[in-house]
Every structure is written in structure tokens, then in C-alpha cells.
Amino acid sequence: MVKICCIGAGYVGGPTMAMIALKCPDIEVVVVDISKPRIAAWNSDDLPIYEPGLDEVVKQCRDKNLFFSTEVEKHVAEADIVFVSVNTPTKTRGLGAGKAADLTYWESAARMIADVSKSDKIVVEKSTVPVKTAEAIEKILTHNKKGINFQILSNPEFLAEGTAMEDLDKPDRVLIGGRETPGGQKAVAALKAVYAHWVPEDRIITTNLWSAELSKLAANAFLAQRISSINAMSALCESTGADVNEVAYAIGKDSRIGPKFLNASVGFGGSCFQKDILNLVYICECNGLLEVAHYWKQVVSINDYQKTRFVKRVVSSMFNTVSGKKIAVLGFAFKKDTGDTRETPAIDVCHGLLGDKALLSIYDPQVTEEQIKRDLAMNKFDWDHPQHLQPQSPTAFKQVSVVWDVYEACKDAHGICVITEWDEFKKLDYQKIYDNMQKPAFLFDGRNVLNVEEMRKIGFVVYSIGKPLDPWIKDLQVSI
Ligand code: UDX
Ligand code: UDX
Ligand code: ADP
């Protein structure tokens, strides 16, 4: 029986290994993590991450050929294939702060693998890492252990949160990069055989190591660029009277452009896009490619602009001040169908509104009060001026309440901001919400999920990203 061990039981490692266990009954899969509470949660009925379809798969395979354990060294030592899926945050201090990937967790995992291994192993990079990380890892492994053959593969994961199980079940492609030596190619074939249990062969792409590593950064950069492009258009739509949904539909019909990933929004979030682009920017700078670095950085700049623009719309529409006004924030996760809040635009929008002394009432069906407060307490890293960080004022917390009922969040509010596109927000009783709000009642749709005409009929003053402006807002003539 082939034994797989995955280091890191997070958003990537957990679902990916669950799918491998489901599709490969002849393989034993052990997911290990240094975090005891995380492993305990994976072994309980209350999994540490919310992902549609994940519970069923874990229940079906757990304790049969899928195991979760904190005995990291034991399981790594026993495995034939070791996936490394630890976190790689952006460095916050030192060389490359704000841009470079922090490989501390990766390096310690690699050193541990070298220490405990007694047999040959295939080590698979699963988390997104800078190009040429495999080379560094290879050096750590081969310099620390004589006589053991380590083969390094890059097998980046392309799943998106909220649709992870679908993406894993029917991936557009699986990408495996390896050394072009006979040993490297043998390792590629071994990993390919795992995926071939359920992925058609023509969807399994094999490349050299560096192409695989760079493809992951490039894919995320291109995806984020589409969102920044449509968001940039949304600003122009508001100025000209065009409707961004109509523009997106029209351009998406061009088969060279395609219809997906063209939803204008308050801004993209998530643990990958910003981090990977900044990492790409850093790699370009290190290689002296300053124009290329500048080009990609603009994708992040437009995203920051979009979030700021949204806050300015809210404040300016509400008579230029939200001080002391209750504002309901609907949704805090970075997208629907996940409880993940990493880099969610909600953090920046809330900070902006708190800065203008608003009183926030936040509702999200999957994010806990504890998580929201922790996120709002954290300082946003200022990429360009890391030395200018200001501690978050403790008084800000008096301005925030987190509630589990959406109608309570909106009661007596002056305005509502929709930040996450949860399906349930489309089906709320907006007449009831309107009746219980202060007047004029403002509705700011940061996800274009609501029917603007219907909302206006109820009586709301509505702002929806990239849509023709409400006369009320248009007449304010503010510069955004
Ligand atoms: C992304 C990539 O899609 C995935 O392939 C990669 O493996 C990890 O990063 P994820 O961050 O989980 O996945 O979610 P994604 O669906 O890509 O959304 C990212 C952000 O973009 C979200 O905040 C989402 O709301 C936003 N978005 C997405 C838009 O604003 N408009 C769109 O049209 C699509
Ligand atoms: C373009 C648009 O495609 C068309 O829809 C619009 O109506 C007019 O502008 P055109 O300029 O005739 O059409 O040719 P196109 O095939 O788009 O190529 C434009 C340039 O981009 C060419 O120099 C082409 O060589 C270059 N190109 C195109 C690339 O360098 N790489 C590509 O992948 C595609
Ligand atoms: P991702 O979204 O990439 O999956 P997460 O932060 O959700 O990232 O998960 C990464 C996991 O890796 C965390 O649960 C963390 O505890 C774990 N981890 C980090 N370093 C190590 C290590 N050296 N050994 C075992 N687990 C580790």
C-alpha cells in the first residue's frame, strides 16, 4: 500500500487529502499538523474549515484510509510521498517585507523531513511558493541526509474555497513539475498514478519544476488581474452611465475573453491573490525586471482603490459623515460559502467606516464574533510604508457589534453594506428591513447581488458597484 503523508491540515491540505483518500482506497493518507486543536477538530464532527461537501467525504474515509494526527515525525518517516502544505504568509519584516514569501514554515518542515527520513521519499510542494523554492528545499534535504534519495515535485493546487470539493473532483488540470532526470521522471509518474485514479490523463500536465512553480503564481495573477480590470471599468461605468454587468456580459461573449471571473466587486480577498502577486512583484524586482514588477503591482493598487472608493461612496452619500450612525455590514468572509476571512475586503471597509466613527453591526453566517474582532484588531500591513503602522484604537471595539441575526443587524441602521455575496442576502425581506431602518435608508451593494430597481421601489437610496448612479448620489458630485 502506498503511504501518503501531508504536512499541514489547512484549507489546502485537508480537502485535497480527503479527496485523494476518497478516490484511492488503495492508498493510506495521513494528514499531520503541529496544531493540536486543528487536528482534534479534523477528528471531530465539527471540522475546522467550512467547505460544502467536505464533511461527507471526511466522514466516509476517516479512520479507514484517511487519518489526522499530530505525530508529524512518525508519519513523515513512514510515508512514500510527503506533501508539504504549510502556510507561506508574506514576510512582515526584514528583507522583502511586504512582498516576499515567508518560508520559515517550509524550511522547518524540510529540515524535519531530512531528519526523520530513513527511506527514499518523494517530497511534493503543494503550497504556493516562490519560483526556485524546490531547488532550495532539494539542497536542504540532500545536504542533511546521505544515502537517501529525495525527489522534489511541484504540484500546485488550484482549488478555490467554497468550491474546493468540486474543483478537486473535476479539476481543469492537475499540474506536476519535476526534474528532467530519470529519477525525477519516475517520481512524476508515481504522483501522476495517484491522480490518474480519477483525473483523465489529458488533464494531467507535466512540466519542469520551475514552470510548475511559476504557473501557479501566474494563474493567480491573471485571475486577480481580470477582477481589477472589471473593477477599474466599474468606476468608469459609474461616471458615464454604463452598467458594468452589461459591459461584462458583452465582452465575455468574445470567446477570447470568456465569461467567467468578470463580476465587479468591492475588491478581491482571500489568502492567495494579493500574497501571490506581491510575491511575483518581488521576484521580478529581484531579477531587475522593474517594469514587469510595476505592471503586476497595479493589480493590487486597483484593488486597494476599489475598497477605498466603496468607503468614500458610503460616507459621501450619507451627508459626508457616518459618525455615530449605525451601519449594518452584511457578510465578512472574503467570498460566499466559506468562513475564511483572510484578506477579506470587509476588514478594509470596516476600518474605513470605523475611522469615520461609524457604529458597525456585523452579520456573517459562517464567521464567529471572535474571528471578526481578531481581524479588526490587526493592523493592516502598509506595503509601501511599513514603518507608518498605527495601532488600532481600543475605542474602535466599542463601535463594533457582531450579531447572528441579519434583521437585528439592520434594525435602526442608517445604512447597509453588502460585502459578501451570500445567497441568503438575495432572499431577505427588504421591505421589513427598510421599515425598521432610519430614513433615508441607504443600501450599498458591494457585490451586485440585489435588484437595484426593486430596492429603489421599496424606498432605499441604492449604490451598486458599476451601475448607473442613484440621482441622490449623482447629485452629490464628490470626487472618488
Ligand atoms: C483563488 C483561485 O481561484 C484558486 O485557483 C487558487 O488556488 C487560490 O486562489 P480563492 O481565493 O479561494 O481561489 O477564491 P476565488 O473564487 O478565486 O475568489 C477570490 C476573490 O476574488 C474573492 O474575494 C472573490 O469574491 C473575488 N472575485 C472573484 C470577484 O470579486 N469577482 C469575480 O468575478 C471573481
Ligand atoms: C483587434 C481585435 O481582435 C478585434 O476584435 C477588433 O475589432 C480590432 O482589433 P486586429 O488588430 O485586427 O483585431 O488583430 P488581432 O488578432 O486582435 O491582433 C492584434 C495584435 O496583437 C497583432 O499585432 C497580433 O500579432 C498581436 N497578438 C495577438 C499577440 O501578440 N499575441 C496574441 O496572443 C494575440
Ligand atoms: P493553506 O490555506 O495554504 O492550506 P493554512 O494556514 O490553512 O494554509 O494551513 C497551513 C497549516 O500548516 C496550519 O494548520 C499550520 O499549523 C500547519 N503547519 C505549519 N508549519 C508546520 C510544520 N512544520 N509541521 C506541521 N504543520 C505545520
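Residues numbered from 1 in each chain as written. Chains lettered and ligands numbered in written order. Predicted model: local features only at pLDDT ≥ 70, side-chain atom pairs only at ≥ 80, totals over all residues.

Under the annotation held in an unreviewed UniProt entry, the chain carries the name UDP-glucose 6-dehydrogenase and is attributed to Physcomitrium patens. Taken from UniProt, the Pathway (unreviewed entry) comment for the chain reads in full: "Nucleotide-sugar biosynthesis; UDP-alpha-D-glucuronate biosynthesis; UDP-alpha-D-glucuronate from UDP-alpha-D-glucose: step 1/1." Annotation of the chain in UniProt includes, under Sequence similarities (unreviewed entry), the sentence "Belongs to the UDP-glucose/GDP-mannose dehydrogenase family." (UniProt positions renumbered as here; feature names shortened; annotations may be inferred.)

What about the overall build of the chain?
Check the secondary structure of the chain and you find 18 helices and 14 strands. Here the C-alpha atoms of the chain give a radius of gyration of 24 Å, agreeing with the 23 Å that 2.2 N^0.38 yields for 480 residues. Its C-alpha atoms give the chain principal-axis dimensions of about 75 × 50 × 45 Å. Within the chain, the fraction of its 480 residues that count as buried is 45%. Within the chain, counting contacts between residues at least 6 apart in sequence, those at least 24 apart form 76% of the total. (Helix = DSSP H or I, 4+ residues; strand = E, 2+ residues; numbered from the N terminus. Rg over C-alpha atoms; globule rule 2.2 N^0.38 Å. Buried ≥ 20, exposed ≤ 12 C-beta atoms within 10 Å, placed from the backbone. Contact = placed C-beta atoms within 7 Å.)

Some thoughts on the sheet that holds strand 6 (residues 150-154)
Pairing is mixed in the open sheet, where 8 strands are placed in the order 3-2-1-4-5-6-7-8. Looking at which strands have only one partner, the edges of the open sheet turn out to be strand 3 (66-69) and strand 8 (204-208). Direction aside, neighbouring strands of the sheet carry axes that sit 25 degrees apart on average. Here 2 bridges tie strand 6 to strand 7 (residues 174-178), and the two strands are oriented antiparallel to one another. Looking at the pairing, Ser154 lines up with Gly177 of strand 7. In this fold helix 6 (residues 133-144) packs onto strand 5 (121-125) and strand 6, with an angle of close to 165 degrees to the strand it touches most, strand 6. (Pairing = 2+ DSSP bridges. Axes fitted to C-alpha atoms, helices over the stretch in contact; angles between N-to-C directions.)

Brief notes about the environment of Glu453
Positionally, Glu453 belongs in helix 17 (residues 452-458). Taking the number of C-beta atoms within 10 Å as the measure of exposure, Glu453 has 8 and is therefore exposed. Considering only alpha carbons, one finds Glu453 and His351, 102 residues apart in sequence, at a separation of 30 Å.

Examining the pairing of strand 12 (residues 415-418)
Residues Gly415 and Cys417 point to one face of strand 12 and Ile416 and Val418 to the other, with burial holding for every one of them. In the sheet, strand 9 (residues 326-330) pairs with strand 12 via 4 bridges, with the strands oriented parallel. Paired with Ile327 across the strands is Gly415, a residue of strand 12. The sheet contact formed by strand 12 and strand 13 (residues 442-445) spans 4 bridges and is parallel. Among the inter-strand pairings, Ile416 is bridged to a residue of strand 13, identified as Leu443. Since strand 12 and strand 13 lie parallel, the crossover through helix 16 (residues 430-435) that links them has a hand, and here it is right-handed. (Right-handed = clockwise from strand over helix to strand, strands pointing away.)

Considering the site of ligand 3
Gly8, Gly10, Tyr11, Val12 and Val86 are the nearest of the 21 residues found near ligand 3. Ranked by residue count, the leading element in the shell around ligand 3 is helix 5 (residues 104-116), at 3 residues. Its residues assigned to classes, the shell around ligand 3 comprises 10 nonpolar, 9 polar and 2 charged. (Near = placed C-beta within 6 Å. Nonpolar A, V, L, I, M, F, W, Y, C, P; charged D, E, K, R; others polar.)

Digging into the nonpolar core
By size, the foremost hydrophobic cluster in this structure holds 73 residues, and its most contacted members are Val329, Leu330, Leu353 and Cys417. Of all the elements, helix 12 (residues 290-317) adds the most residues to this core, at 8 residues. Once residues within four sequence positions are removed from consideration, Leu330 is found in contact with Tyr363, Val406, Ala409, Ile416, Cys417, Val418, Ile419 and Phe425. Counting residues in each nonpolar core, the second largest holds 61 residues, with Val76, Ala101, Val174 and Ile176 among its members. (Core = buried A, V, L, I, M, F, W, Y, C linked by C-beta atoms within 7 Å.)

Notes on the site of ligand 1
Ligand 1 sits among 19 residues. The nearest are Asn263, Ser265, Phe268, Gly270 and Cys272. Take the shell around ligand 1: its biggest share by element is 3 residues, from helix 9 (residues 209-240). Residues of the shell around ligand 1, tallied by class, amount to 11 nonpolar, 5 polar and 3 charged. In terms of domain composition, the shell around ligand 1 takes at least three residues from each of domain 1 (2-199) and domain 2 (224-474). (Domains from an automatic or database assignment.)

A word on the domain arrangement of the chain
Parsing the chain into structural domains produces domain 1 (2-199) and domain 2 (224-474). Computed over C-alpha atoms, the centres of domain 1 and domain 2 are 33 Å apart. Contacts between the two partners involve 16 residues from domain 1 and, on the opposite side, 19 residues from domain 2. Here the side of domain 1 that touches domain 2 is built from residues that sort into 8 nonpolar, 6 polar and 2 charged.

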